[in-house]
Amino acid sequence: MNPNGGETLPQDDTFTVRWRSAGVTGNVALELSTDGSSWATLAGNETNDGVYSWTVSAAQFAGGSYTLRVSSVDAPAINDVSDAPFNIASSISIFYVNDGVLLGDEYTSAMGDDSNDGRTAATPKASLQALLNAYDMKPGDLVLVDTGSYTLTTNLAIAAQDSGVTIRGAVNHASVLNRANTNSGQYVVQLAGVTDVTLQHLVLTGGSYGLFVTDNGGGHRFVLEDSEVTGNTSYGIYVGNNVDDGRISGSVVHDNGNTGIYGYAPTRLQITGNHIYEQSIGIYLYSAGDEANDGALISGNRVHDTSTGIQVYYEGEVRNNEVWASSTGISAQSVLVQGNTVWANTTGIGGSSNTILDNTAYGNTTGISVSSSTVAGNRLYDNTTGLYDGGSSLVRNNALWDNSTAARLVGGYTGDDTQGFVNNTIVQTGGVAIRVDNSANKVRLRDNIIDLRDVVSTDALGNEVRSGATAITVAPDSEAGFSSDYNLFRLDTASVLANWENRAFGSRPDWLYETGNDQNSRVVPGYTTPGLPK
């Protein structure tokens, strides 16, 4: 007979009841009892073929312990009863997993054993895989994986029958899932064909990938949060093509061999509030799956000590992240980059065809390096070069100060209002405010405030020595189509307004009469630029 005692039957699952049909004529009755004396009918007149397909209905049988009786309809005294009670589990269940150690445990009161049912704190399974093999999880089910280290002998594959499950590790200790095999194709956790899975407070380590959400595998709405992903040889996390609405948040992703978080054409993926470091690439996203205008949101992350901190191509938003100590902080193409802070990188923000708004870049070799982009509302300071534009960009309403060179403009422009360097504020102490070179053409400067400050020192005799800043330097190969007007300049004692044909112009009239530039501009001595250093 089956069930014959010790089994757990989740509500809403379909279970095959079996009995020995030989020796009984006619149909049989199947009944359940919670006390062994009163019986409720499961099937009152069933063909005696030895099997009955039973969908365990919560409306008919509540969760609890039951025994089964199979009896002849014609001769009820001929019957068989299960040897021991079995359990009907409520539709939303809590399951338990523990290793062989109790130290630091948060959920369980006994060591794990795969012969346990895993349904109480006193009877935990020893492994997640054994638990998933024993039960098909339902939406809302919770698996509690207690403190400990769990070595996986195969990929922990969570499949379609487990959709909606939450797997939660210890909150104040570590629940480590160790694949212990870093060869290709070996993953700590793999989501394939399963939706709405939530992974919390887990450490994923020792695989080729820590978490693998397969391409076109239907792993929609997965969540990885408050976890650690480390020590995997290729990707910490891989999210594949056409995976919709996943979220990675609040996690620490570090010391993986290649890329911390890698997404290839997912849709509406959210990567928020993570700490990511010590990898070649911190976050990499390419495209937005099969739906237009549904790129990733990458926000509130802290990324450092990488070759490239955040790299995003074709759709998406990169907002309010902090990126430092990387060769390139943020590399983007055709995305929105807004509100980020980047420092101590070789290049703070780089890329093309972007909208770059309201970022802060300081202490980089180059703060922002772009082409064919809109660059507005940014604060750039203490960089070797504040802004490098490779051409075809509109650079407006930015504040640049204390850079060796505030802005370097190269490449080609349209020469009209759609492109150029417009309405920016520069405070330049020594060095060059705007450098135009490398065969640039049709560069257009309009409505900028350029405040030049001398570098003041003393010589060996105690005499004051001043080194002036230059507002505009135009290389001979970049004069074609150049125009500058409606700017406001402040010149210090040793300042140079412009350098043209390798000649320094110290006054606006000389500069105007020789080149025709800055006819409507003004030079104002001694003012203070609002909101910027004095």
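Cut-off values and rules
Residues numbered from 1 in each chain as written. Predicted model: local features only at pLDDT ≥ 70, side-chain atom pairs only at ≥ 80, totals over all residues. Heavy atoms only, no water. Helix = DSSP H or I, 4+ residues; strand = E, 2+ residues; numbered from the N terminus. Rg over C-alpha atoms; globule rule 2.2 N^0.38 Å. Buried < 20%, exposed > 50% of the residue type's maximum accessible area, 1.4 Å probe, protein only. Contact = heavy atoms within 4.5 Å. Areas by Shrake-Rupley, 256 points an atom, 1.4 Å probe, with all protein chains shown as cover. Lys, Arg positive; Asp, Glu negative; His and termini not counted. Charge placed at Lys NZ, Arg CZ, Asp CG, Glu CD. Pairing = 2+ DSSP bridges. Core = buried A, V, L, I, M, F, W, Y, C linked by side-chain atoms within 4.5 Å. Phe/Tyr/Trp six-rings, centres within 6.5 Å; stacked < 30°, edge-to-face > 60°. Lys NZ or Arg CZ within 6 Å of the ring centre and 35° of its normal. Salt bridge = Lys/Arg side-chain N within 4 Å of Asp/Glu carboxyl O. Arc of directions from axis to C-beta.

Participant: Would you take a moment to explain the overall build of the protein chain for this structure?
Facilitator: Along the protein chain, the regular secondary structure elements total two helices and 56 strands. Relative to its length of 534 residues, the protein chain is extended, with a C-alpha radius of gyration of 34 Å against a globular reference of 24 Å. For the protein chain, buried positions account for 54% of its 534 residues. If you take every contact in the protein chain between residues at least 6 apart in sequence, the share linking residues at least 24 apart comes to 53%. On the protein chain, roughly 20,900 Å² of surface is accessible, and the fraction owed to carbon and sulfur atoms is 45%. For the protein chain, the separation between the mean place of its 27 positive charges and that of its 56 negative charges on side chains is 9 Å.

Participant: Looking at this structure, how should I read unusual backbone geometry?
Facilitator: Note: most peptide bonds trans; most residues except glycine with negative phi. Cis geometry is adopted by the peptide bond preceding P3, which originates at N2 and carries an omega value of 10 degrees. If you trace the backbone, P3 turns up in the segment before β1 (8-10). Positive phi outside glycine occurs at A180, with the angle close to 55 degrees. Mapped onto the fold, A180 is located in the loop between β14 (175-178) and β15 (187-191). Its relative accessible area of 52% is what places A180 among the exposed residues. Residues other than glycine seldom take positive phi values, yet N242 does so here, at roughly 60 degrees. Looking at the secondary structure, you find N242 in the loop between β21 (235-239) and β22 (247-249).

Participant: I tried to follow the pairing of strand β46 (residues 432-436) on my own but got confused; where do I start?
Facilitator: Counting buried positions along β46 yields four of five residues, so the element is predominantly enclosed. Sheet topology places strand β43 (residues 405-409) next to β46; four bridges connect them, and they run parallel. Within the sheet, the bridge partner assigned to A407 lies in β46 and is I434. Across four bridges, the pairing between β46 and strand β51 (residues 470-474) is parallel.

Participant: Even after reading the chapter, I still don't get the nonpolar core, so can you show me in this structure?
Facilitator: General note: in soluble globular proteins, nonpolar side chains tend to be found buried as a group. Among the nonpolar cores identified, the biggest contains 88 residues, and V143, L177, V189, L211, L387 and F421 are the most heavily contacted of them. Setting aside residues no more than four positions away along its own chain, V189 makes contact with L156, I158, L177, L199, L204, G210, L211 and F212. L9, V17, L42 and F61 belong to the second largest nonpolar core, which has 18 residues in total.

Participant: What should I look at first to understand the packing of aromatic side chains in this one?
Facilitator: Two aromatic rings, taken as a pair, are described by how far apart their centres are and by the angle between their planes. Under the definition given, this model contains 26 aromatic pairs. An aromatic cluster of three or more residues is present, and its members are Y187, Y209, F212, Y235, Y238, Y262, Y264, Y284, Y286, Y313 and Y314. We note R69 situated over the ring of W39; from NZ or CZ to the ring centre the distance is 4.3 Å. Against the face of Y135 rests R119, its NZ or CZ located 5.5 Å from the ring centre.

Participant: For this particular structure, what's the right way to read the pattern of salt bridges?
Facilitator: A side chain of one charge can pair with a side chain of the opposite charge when the charged atoms of the two come close. Considering all chains together, one arrives at 15 salt bridges under this definition. For R268, the salt bridge identified is with D245, shortest N-O distance 2.6 Å. Separated by 23 residues along the polypeptide, R268 in the loop between β24 (259-264) and β25 (270-272) and D245 in the loop between β21 and β22 bring together distant segments of the chain. With a relative accessible area of 26%, R268 lands in the partly exposed category. Of the charged contacts in the structure, one is a salt bridge between D451 and R453, with a shortest N-O distance of 2.8 Å. Neither residue differs from the other here; D451 and R453 are each classed as buried. Among the charged side chains, a salt-bridge network with shared partners connects D454, E464, R466 and D492.

Participant: What's the story with the pairing of strand β49 (residues 455-458) in this structure? I'm lost.
Facilitator: Note on strand geometry: in a regular strand, side chains alternate between the two faces of the sheet. Across four bridges, β49 lies against strand β50 (residues 464-467) in antiparallel orientation. In the strand pairing of β50, S457 is matched with V465. If you look at the hairpin formed by β49 and β50, you'll find five residues sitting between the two strands, and G462 has a positive phi there, around 85 degrees.

Participant: Sorry, what's going on with the side chain of S299 here?
Facilitator: Positionally, S299 belongs in strand β27 (residues 297-299). Once residues lying within four places of it in the same chain are set aside, the contact partners of S299 are I271, T272, G273, R319 and N321.

Participant: It is not clear to me how the environment of V432 should be interpreted in this structure. Could you clarify?
Facilitator: When you line up the elements, V432 lands in strand β46. You can call V432 buried: its relative accessible area is 9%. Along the chain, V432 and A471 lie 39 residues apart, while their C-alpha atoms are 5.9 Å from each other. When sequence neighbours within four positions are dropped, the list of residues in contact with V432 reads S404, T405, A406, T470 and T473.

Participant: Please clarify how helix α2 (residues 508-515) should be interpreted in this entry.
Facilitator: Every buried residue of α2 is accounted for by R508, W511 and L512. The buried side chains of α2 occupy one side of the element, clustering within an arc of 95 degrees when seen end-on. Residues of α2 that are buried make contact with β54 (496-500), β55 (503-505) and β56 (522-523). With its phi angle positive at about 80 degrees, G516 sits one or two positions after the end of α2.

Treat this as a map of the structure, not an account of what it does.
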